[in-house]
Amino acid sequence: MLFGRKLVNNFYKYKRKAFQSVCLKITRSISTREPSRILFFGTDNFSLPSLQALHKNCSHNLGVVTSFKSPANCVRTYAEREKLPLQRWPITEDQCTDYDLGVVVSFGHMIPAQIINAFPRGMINVHASLLPLWRGAAPIIYAIMKGDARTGVSIMKIEPHHFDIGAVLAQREVPIRRDIYMPELHASLSLLGADLLVDTVNNLSDRLKNAKPQENATASYAPKITSKITEILWTELSADELYARHRALYGYKNLTTSFLDKQIQLLELRLPEKHLTVQEPGHFSYQRSRKSLLIGCAQGTQLEVLQVRVEGRKPMSAQDFSNGFLRQARSLQFTHNKQVAC
């Protein structure tokens, strides 16, 4: 009887140990299946929501790399306030050894191959377009400027030597309203990217396994914005195209033209609700009832300007511009810039 009871006890003891052993293996499998240590690379207000989301998701296993050049770096400010481990770019591969995964969001620097390879699970990037559309530095600007009906965010693997060519792990899509301005879309996509990033990190094994290579044949490019893009060619661009460019650059750069040998920045624009007085491209008139400048554009279209800045002066309304400058003019025509301001 005692022998039988001892045998039963030993059986249950063995079963309990076996069960604990299986549970431990499962726990270890779960804990190693997804990365728990992340090194984040970012610099700006598009990066910040992703950093905040990762901090909330894995606060005790998160480090940050950023540039120390700008004193207004919100990523650096957040990392210092939250006492996250902070490293100054550039870094060496030895500084990556405590992390499983690198995450890059609007960082602006090419990551060397030795840094990418230093992470056991590689590096991933949050990009503000539906790759392979609008690879490059300014995807949000180009999506608005070119009149795209939709955009979104992509999570992709980072590959050495080239920007934005890696396999795509996840994407989410949003429509682009015809009246949206760049700051609104920028903020919306930064939040969407942060949410998709956390979902991707939490399911990384599956996302990596199912990553899809990009189709290079359908790729488009959004290079870094220069002042050249602000120059208005009145005979080549329609009012719709100029209004889209204005919305795309809003808060970053202003469209520019020339009048009486002075550069004019167009600060506030709108499309007229109906066709008004016919104007040749570049020619304009002051519309007293609408308090606007009506300017002729390509393809017989028209654009209204409500606020301008004349070179060397503060912003002024179209009415003030009319009162102060139009009486001096022999010809009411805007011309191509002789010099483009940055």
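What counts and how
Residues numbered from 1 in each chain as written. Predicted model: local features only at pLDDT ≥ 70, side-chain atom pairs only at ≥ 80, totals over all residues. Heavy atoms only, no water. UniProt positions renumbered as here; feature names shortened; annotations may be inferred. pLDDT = per-residue confidence, 0-100. Contact = heavy atoms within 4.5 Å. Core = buried A, V, L, I, M, F, W, Y, C linked by side-chain atoms within 4.5 Å. Buried < 20%, exposed > 50% of the residue type's maximum accessible area, 1.4 Å probe, protein only. Helix = DSSP H or I, 4+ residues; strand = E, 2+ residues; numbered from the N terminus. Domains from an automatic or database assignment. Pairing = 2+ DSSP bridges. Axes fitted to C-alpha atoms, helices over the stretch in contact; angles between N-to-C directions. Left-handed = near helix turned anticlockwise from the far one by under 90°. Phe/Tyr/Trp six-rings, centres within 6.5 Å; stacked < 30°, edge-to-face > 60°. Polar contact = N/O pair within 3.5 Å; in protein donor to acceptor, adjacent residues only side chain to side chain. Salt bridge = Lys/Arg side-chain N within 4 Å of Asp/Glu carboxyl O.

- Going by an unreviewed UniProt entry, the chain carries the name Methionyl-tRNA formyltransferase, mitochondrial and comes from Drosophila persimilis.
- Comment text from UniProt for the chain, heading Subcellular location (unreviewed entry), reads "Mitochondrion".
- Recorded in UniProt for the chain, the comment headed Function (unreviewed entry) runs: "Methionyl-tRNA formyltransferase that formylates methionyl-tRNA in mitochondria and is crucial for translation initiation."

### A look at the confidence of the model for the chain
Keep in mind that low pLDDT regions are not for reading the predicted coordinates in detail.
In step 1: For the chain, the average pLDDT comes to 88, and 87% of its residues sit at 70 or higher.
In step 2: For the stretch residues 1-8, pLDDT sits under 50, and the model shows 0 contacts to residues farther than four places along the chain or on other chains.
In step 3: Segment residues 10-33: pLDDT under 50, and 3 contacts once partners within four positions in sequence are set aside and those in other chains are kept.

### Some points on the nonpolar core
In step 1: Ranked by size, the top nonpolar core spans 76 residues in total, and within it L54, V103, L189, L197, L293, F321 and F334 carry the most contacts.
In step 2: With 9 residues, helix α6 (residues 182-202) is the largest single contributor of residues to this core.
In step 3: Built from parts of two domains, this core gets at least three residues from each of domain 1 (38-222) and domain 2 (228-326).

### Overview of the sheet that holds strand β6 (residues 150-157)
In step 1: One open sheet holds the 7 strands; their spatial order is β3-β2-β1-β4-β5-β6-β7, and the pairing between them is mixed. Single-partner strands in this sheet number two, and they are β3 (86-88) and β7 (168-175). Neighbour to neighbour, the strand axes of the sheet diverge by 20° on average, direction disregarded.
In step 2: With 4 bridges connecting them, strand β4 (residues 101-105) and strand β5 (residues 123-127) associate as parallel partners. Bridge pairing in β5 places V105 opposite V126.

### Structural notes on the packing of helix α2 (residues 48-57) against α6
In step 1: Between α2 and α6, the shortest axis-to-axis distance is 8 Å and the interhelical angle comes to 35°. As α2 packs across α6, the resulting crossing turns out to be right-handed. In contact with P49, S50, A53, L54 and N57 of α2, α6 contributes S190, L191, G193, A194, L197, V198, V201 and N202.

### Examining the packing of aromatic side chains
In step 1: The tally for this structure, following the rule as stated, stands at 14 aromatic pairs.
In step 2: Between the aromatic rings of F41 and W89, the centroid separation amounts to 6.2 Å while the plane-to-plane angle is 75°, which identifies the pairing as edge-to-face. With F41 in strand β1 (residues 38-42) and W89 in the loop between β3 and β4, this pair connects stretches of sequence that are 48 residues apart.
In step 3: You can call F41 buried: its relative accessible area is 0%.
In step 4: You can call W89 buried: its relative accessible area is 16%.
In step 5: Centroid distance F259 to F284: 5.4 Å. Interplanar angle 70°. Geometry classified as edge-to-face. With F259 in strand β8 (residues 255-259) and F284 in strand β10 (residues 284-287), this residue pair connects regions lying 25 residues apart in the sequence.
In step 6: Given a relative accessible area of 4%, F259 falls into the buried group.

### Comments concerning the pairing of β10
In step 1: A two-sided burial pattern is seen for β10, the buried positions comprising F284 and Y286 on one face and S285 and Q287 on the other.
In step 2: Across 4 bridges, the pairing between β10 and strand β11 (residues 292-296) is antiparallel. Bridge assignment links F284 to a residue of β11, and that residue is I295.

### Some words on the side chain of N125
In step 1: Note on placement: N125 falls in strand β5.
In step 2: For N125, a relative accessible area of 8% gives the class buried.
In step 3: Of the polar contacts made by the side chain of N125, one reaches the backbone oxygen of V104; its length is 2.7 Å.
In step 4: Once residues within four sequence positions are removed from consideration, N125 is found in contact with V104, V105, S154, I155, M156, I158 and D164.

### Quick word on the pairing of β8
In step 1: For β8, the buried fraction is high: 5 of the 5 residues fall into the buried class.
In step 2: Residues L255, T257 and F259 line one face of β8 and the alternating positions T256 and S258 line the opposite face, and both faces are buried.
In step 3: Two successive antiparallel strands, β8 and strand β9 (residues 262-270), enclose a turn made up of 2 residues, where L260 displays a positive phi of approximately 55°.

### What to know about the pattern of salt bridges
In step 1: Scanning the entire structure with this criterion turns up 11 salt bridges.
In step 2: Note that E80 and R76 form a salt bridge whose closest N and O atoms lie 3.1 Å from each other. Of this pair, E80 and R76 both sit in helix α3 (residues 74-81), separated by 4 residues, roughly a single helical turn.
In step 3: Residue classification places E80 among the partly exposed positions, given a relative accessible area of 44%.
In step 4: Here E184 makes a salt bridge to R177, at a shortest N to O gap of 2.9 Å.
In step 5: Linked by salt bridges that have partners in common, R177, D179 and E184 make up one network.

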